[in-house]
Amino acid sequence: SQKIEQNSEALNIQEGKTATLTCNYTNYSPAYLQWYRQDPGRGPVFLLLIRENEKEKRKERLKVTFDTTLKQSLFHITASQPADSATYLCALDKRTGRRALTFGSGTRLQVQP
Amino acid sequence: NAGVTQTPKFRVLKTGQSMTLLCAQDMNHEYMYWYRQDPGMGLRLIHYSVGEGTTAKGEVPDGYNVSRLKKQNFLLGLESAAPSQTSVYFCASSYPQRVGGGDEQFFGPGTRLTVL
């Protein structure tokens, strides 16, 4: 069956360190993968998109990698800050042409000052 | 520019009652979606629409109906609410600007629904 797996346990790191979150998937061949941030009581907010033919994408302190052989995406936040504390969701497409996404359950990141 | 708004923010229903959730967007987006979010299960697509007057089923459509009579509005209806429909409901919209998909989705603030 198709699965998207994100670490359900919270990731706790110290301010200034690099946070690395993992998104693994099985039985998908996505054309692209997206990362979203979700704060408590709010809707997700888009952060980054990476396509299957791209290995890495960067935006300010954020970096995403996409390994279609390992079926894995890594999401990095460098020089993390307490304001980065949130739940991070990965989402991918199913190549159905309908532009709908399938989301992972998210990983909660807690950055300690 | 309000983005995506959802009404109401909270609602408590009794089993068997009906209600309609309203989603509105002011970004002239073609695509609109309804998701539900449950603990540990991520966002699951209920129904979606690729334009005014069109709707399609997502992953978990049973027990829900939708309508898109106007481009800016997407309604989600529960005809006979069940406790299993207790969830947080999110509406989202997107504009198909990227060839091959991958358009970012803009989400509303959510509606927290409890069915007793």
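This text gives an overview of the structure that appears in the document.

Quick notes on the rules
- Starting afresh in each chain, residues are numbered from 1 along the sequence in its written order.
- All chains are assigned letters beginning with A, and all ligands numbers beginning with 1, in the order in which they are written.
- Only residues with pLDDT of at least 70 get local features here, since the model is predicted, and only at 80 or more are side-chain atom pairs given and counted; chain-wide, interface and lining totals rely on the full set of residues.
- As a rule here, side-chain values come from all non-hydrogen atoms in the structure, and water together with hydrogens is ignored.
- To qualify as a helix, a DSSP run of H or I must reach at least 4 residues; to qualify as a strand, a run of E must reach at least 2; elements of each kind are numbered from the N terminus.
- For this measure, only C-alpha atoms enter the radius of gyration; the expected value for a globule follows 2.2 Å times N^0.38, where N is the number of residues.
- To sort residues, take the accessible area from a 1.4 Å probe on protein chains only and compare it with the maximum for the residue type: under 20% means buried, over 50% means exposed, and anything in between is partly exposed.
- Whether two residues are in contact is decided by their heavy atoms, any of which lying within 4.5 Å being enough.
- The method behind every accessible area is Shrake-Rupley, applied with a 1.4 Å probe, and residues are considered shielded solely by the protein chains displayed.
- At least two DSSP bridges between two strands are required for those strands to pair.
- Criterion for a disulfide: a pair of cysteine sulfur atoms at a distance within 2.5 Å.
- Where helices are involved, their axes are fitted lines through C-alpha atoms of the stretch in contact, as for all axes, and angles between N-to-C directions lie from 0 to 180°.

1. Focus on the overall build of chain A
Thinking step 1. Along chain A, the regular secondary structure elements total 0 helices and 11 strands.
Thinking step 2. Secondary structure of chain A in N-to-C order comes out as β-β-β-β-β-β-β-β-β-β-β.
Thinking step 3. Taken over the C-alpha trace, chain A has a radius of gyration of 14 Å; the compact-globule value for 113 residues is 13 Å, and the two agree within 12%.
Thinking step 4. Taken along the three principal axes of its C-alpha coordinates, chain A extends 45 × 30 × 20 Å.
Thinking step 5. Considering chain A as a whole, with its 113 residues, one finds that 47% of them fall into the buried category.
Thinking step 6. Restricting to contacts in chain A with at least 6 residues of sequence separation, those with at least 24 account for 55%.
Thinking step 7. Accessible surface, chain A: about 5600 Å² in total, of which carbon and sulfur atoms supply 44%.

2. Things to note about the pairing of strand β6 (residues 54-57) of chain B
All names here are of chain B.
Thinking step 1. In this sheet, β6 lies alongside strand β5 (residues 42-51) in antiparallel orientation, the contact comprising 3 bridges. Its bridge partner being in β6, His47 is matched across the sheet by Lys57.
Thinking step 2. Remark: 2 residues form the turn of the hairpin made by β5 and β6, two consecutive strands paired antiparallel; Gly53 in that turn has positive phi of roughly 85 degrees.

3. Some details on the state of the cysteines
Thinking step 1. All chains considered together, the criterion is met by 2 disulfides over all chains.
Thinking step 2. Here A:Cys23 engages in a disulfide with A:Cys90; their sulfurs sit 2.0 Å apart. Here A:Cys23 and A:Cys90 share a disulfide; its torsion about the S-S bond, 60 degrees, makes the bridge right-handed. Of this pair, A:Cys23 sits in strand β3 (residues 19-26) while A:Cys90 sits in strand β9 (residues 86-93), and the two are 67 residues apart along the sequence. For the pair A:Cys23 and A:Cys90, a shared accessibility class is recorded, and that class is buried.
Thinking step 3. The partner cysteine of B:Cys23 in its disulfide is B:Cys91, sulfur to sulfur 1.9 Å. Note on the B:Cys23 and B:Cys91 pair: the S-S dihedral is about -75 degrees, so by sign convention the disulfide is left-handed.

4. Some words on the sheet that holds strand β6 (residues 56-59) of chain A
All names here are of chain A.
Thinking step 1. The strand order across the open sheet formed by 5 strands is β1-β3-β8-β7-β6, and the pairing between neighbours is antiparallel. The sheet is open, and its two borders are formed by β1 (3-6) and β6, each paired with just one other strand. Across this sheet, the average inter-strand angle for adjacent strands is 15 degrees, counted without regard to direction.

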